[in-house]
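This is what each chain is made of:
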Amino acid sequence: MHVWTALSKVLDKPSGRALWIVLSCLPILTAFFIVLVHGANHPFLEEWYATALIAIAVHDGTFTLSQLFEPVNEHPYVVTKAILALHTALTNYDLRVDMLLNVVMSILIALGVIWLVRRQDRRLAFQLMFPLSVLLISHLQAVNWLIAFQNIFLISALCIVIVLLLIQLRPISWQTLCLAAVVALIGSFSMGVAPLMWLTPLIALWLRGYRRWWHYALWFLCTALVFAYFAVRVTESLNAPLTLEEIGLIVHFALAFLGRPLLPSLDLTLSTVLGIVGIALFAFNALLLWLRHPEWLGTWASLAAFSVGAALLTGYGRRAFFVDYALYPLEPRYITHSLLFWSASLVISASNLVVWRQVRGSQRKTWRALRMVNLSAGVVLSLMFVASLRIAVIPGFKEDVACMLEFPMTRDLECAIRLGSEPKHALPALVRIDQLAVRRLGAFAERPTPMIRDQNVAMPLERLPVAALRSTAEARFVTWEHAEQTYSALVQVAPAQQTWQLWFHHIHVPTYFEAQLYVP
């Protein structure tokens, strides 16, 4: 408690307030530094067969709205694709725009959470500005900043924060509900978290004071329409009934998922323990805050429920992978959602220190227990969070891209695997027979031209003239005609005079590797 009092005194001074603001801005500067230094203007993993095809369609003028709603790995990606389609025409598919937007969204999430605290207590909001900034703009999220399509995590997190801001800052009315529903709809189409966008805000709605039946009738009508839309698109694998063992796997996955931001080393057991500790600590503080200021609890209970729900939904979708890969819930891309949980836990812990400070009589024992638990947990968990920063994954995408460009000469599969290929395919190539979209490297076969057959479809592959492959970083698309067909190519590189094997599902032929992506 003496630490809290000392901090309050420091922040009362103008110099202390200025220093606090500067410290709170340091994570922002770090985030922009990471993107500008490590960001590679190069598609990664799903981008090759999802958003990159959107960019080519926009460039060719063949883009249709139906492409926005084609799911990728069970996720709608609608907002991600829409952002890319909007800026492709202006930036010539410059992925650095998406990366900078990812950082901006992290900043907006942090500002939104701080603003929610400010509604409760302005002094507390200023005191928590630095720790919340460190948490929510932590470079633990570097993977989500540096991979453009990873903004699905940031968009959904930003949307739930905006929904809670609307509920708490605007008057109780149907207009507020409509605005919140619009934002929830946007978040529902960012990734597969539609249930969380509609169910978790119910806690905040009730504790905010929404009591009329038609408030919930409106909200549940919107919820039912969104659920019905997604229900018809759920695949058979996600519809399969769960066994007791699978439920255990999902819960284990979710606990490890939540504990990951405080993990000083990649250890599944420790991460699971941290997840359990976090939930217990949150429940303890939530009960105490409920006794003193129940109206303050709605926001943070909704935010924590969103994070826990995201952990469970991810575990449900990835449970089969968890069996073969025990560290799956510790993937860096999941950190954005788990950070929301720890931010909510931090706020309610600090809120309790404020609202319980003036208690008298028999409640002093409760206050002492609260202070001991929160201060002890706060010190230990803060130290673990600081230790976790050293294992933050900042991918060397620029080095990986250079490795890929030299791949035909070096045949180094390590960089190919880092950029998202599956080792079982041996080479990082993905062929869409209907479009001949080749991930990473374009394939041009030696003469005589072979025919690549898939069922009843045959496609000739020929080596194109070198002159047609020239491009610059400023002109990312090259268009040429061949055999009365128009082709667009994305990010061309000079041909390497080496032959190799490229697997088209179950078919392989000797090929030249010359470019990154071709679509007729």
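Residues numbered from 1 in each chain as written. Predicted model: local features only at pLDDT ≥ 70, side-chain atom pairs only at ≥ 80, totals over all residues. Heavy atoms only, no water.

1. Quick look at the overall build of the protein chain
When its secondary structure is counted, the protein chain shows 22 helices and ten strands. Put simply, the protein chain has 520 residues, and 52% of those count as buried. Put simply, 72% of the contacts in the protein chain that link residues at least 6 apart link residues at least 24 apart. About 23700 Å² of surface is accessible on the protein chain, with carbon and sulfur atoms providing 66% of the total. (Helix = DSSP H or I, 4+ residues; strand = E, 2+ residues; numbered from the N terminus. Buried < 20%, exposed > 50% of the residue type's maximum accessible area, 1.4 Å probe, protein only. Contact = heavy atoms within 4.5 Å. Areas by Shrake-Rupley, 256 points an atom, 1.4 Å probe, with all protein chains shown as cover.)

2. Focus on the packing of aromatic side chains
Enumeration over the complete set of coordinates arrives at 18 aromatic pairs. Ring centres of Phe153 and Tyr334 lie 6.1 Å apart, and the angle between their planes is 70°; this geometry places the pair in the edge-to-face category. Of this pair, Phe153 sits in helix H9 (residues 151-169) while Tyr334 sits in the loop between helix H17 (294-324) and helix H18 (335-355); the two residues are 181 residues apart in sequence, bridging distant segments of the chain. Here the aromatic rings of Phe253 and Tyr328 are separated by 6.3 Å at their centres, their planes lie at 40°, and the arrangement is tilted. You can see Phe253 sitting in helix H15 (residues 244-259) and its partner Tyr328 sitting in the loop between H17 and H18, a full 75 residues away along the chain. Through pairs of rings, three or more aromatic residues link up here, namely Phe153, Phe253, Phe257, Phe321, Phe322, Tyr325, Tyr328 and Tyr334. Here the basic side chain of Arg118 rests over the ring of Trp115, its NZ or CZ set 4.8 Å away from the ring centre. (Phe/Tyr/Trp six-rings, centres within 6.5 Å; stacked < 30°, edge-to-face > 60°. Lys NZ or Arg CZ within 6 Å of the ring centre and 35° of its normal.)

3. Things to note about a nonpolar patch on the surface
On the surface, Leu242, Leu244, Ile247, Val251 and Leu312 cluster together into a nonpolar patch covering about 440 Å² of accessible area. No other element matches the three residues that H15 contributes to the nonpolar patch. Here Leu312 lies in helix H17. Here Leu312 falls in the partly exposed class, since its relative accessible area comes to 35%. (Patch = residues over 30% accessible without salt bridge, like charges linked within 9 Å, V, L, I, M, F, W, Y side chains within 5 Å. Salt bridge = Lys/Arg side-chain N within 4 Å of Asp/Glu carboxyl O.)

4. Describing the packing of helix H16 (residues 268-292) against H18
Relative placement of two packed helices is described by the angle separating their axes and the distance separating the axes. Two elements in contact, H16 and H18, have axes separated by 9 Å at closest approach and are oriented at 40°. When the axis of H16 is compared with that of H18, the two are oblique. At the point where H16 passes H18, the crossing takes the left-handed sense. Across the interface between the two elements, Leu274, Gly278, Ile279, Leu281, Phe282, Asn285, Ala286, Leu288, Leu289 and Arg292 of H16 pack against Phe341, Trp342, Ala344, Ser345, Ile348, Ser349, Ser351, Asn352 and Val355 of H18. (Axes fitted to C-alpha atoms, helices over the stretch in contact; angles between N-to-C directions. Parallel < 35°, antiparallel > 145°, perpendicular 65-115°, else oblique. Left-handed = near helix turned anticlockwise from the far one by under 90°.)

5. Here we look at the nonpolar core
Where a protein is soluble and globular, its nonpolar side chains tend to be buried together. Trp145, Trp219, Trp300 and Leu303 are the most contacted members of the largest nonpolar core, which has 128 residues in total. The biggest single contributor to this core is H9, with 14 residues. Excluding anything up to four places from it in sequence, Trp145 contacts Ala31, Ile34, Val35, Met99, Asn102, Val103, Ser106, Ile137, Ser138, His139 and Leu154. (Core = buried A, V, L, I, M, F, W, Y, C linked by side-chain atoms within 4.5 Å.)

6. A closer look at helix H7 (residues 129-136)
Those residues of H7 that fall on the buried side of the exposure criterion are Met129, Leu132, Ser133, Leu135 and Leu136. One side of H7 carries all its buried residues, which in axial view fall inside an arc of 165°. (Arc of directions from axis to C-beta.)

7. Regarding the packing of helix H4 (residues 78-91) against H9
Relative to each other, H4 and H9 sit at 110°, their axes nearing to 9 Å. Regarding the angle of H4 to H9, the classification is roughly perpendicular. Counted together, Val79, Thr80 and Ile83 of H4 and Asn151, Ile152 and Ile155 of H9 form the full contact between these two elements.

8. Structural notes on the side chain of His87
Along the chain, His87 falls in helix H4. Under the relative-accessibility criterion, His87 is labelled buried at 7%. Contact partners of His87, with chain neighbours within four places excluded, come to Asn92, Asp94, Val97 and Asp98.

9. Focus on the confidence of the model for the protein chain
Of the residues in the protein chain, 71% reach a pLDDT of 70 or more, and the chain-wide mean stands at 76. This model gives residues 489-520 a pLDDT under 50, and the stretch forms 135 contacts once residues within four places in sequence are excluded. (pLDDT = per-residue confidence, 0-100.)

10. Describing helix H13 (residues 213-231)
The end-to-end C-alpha distance of H13 is 26 Å, a good match for the 27 Å that 19 residues give at a rise of 1.5 Å each. Of the positions making up H13, those classed as buried are His215, Tyr216, Trp219, Thr223, Val226 and Phe230. For H13, the buried positions fall inside an angular range of 100° around the axis, keeping them on one side. Opposite the buried face of H13, at more than 90 degrees from it, the exposed residues are Trp213, Leu221 and Leu225. Here the buried face of H13 lies against H9, helix H10 (174-188), helix H11 (194-199) and helix H12 (201-208). (Expected span 1.5 Å × (residues − 1).)

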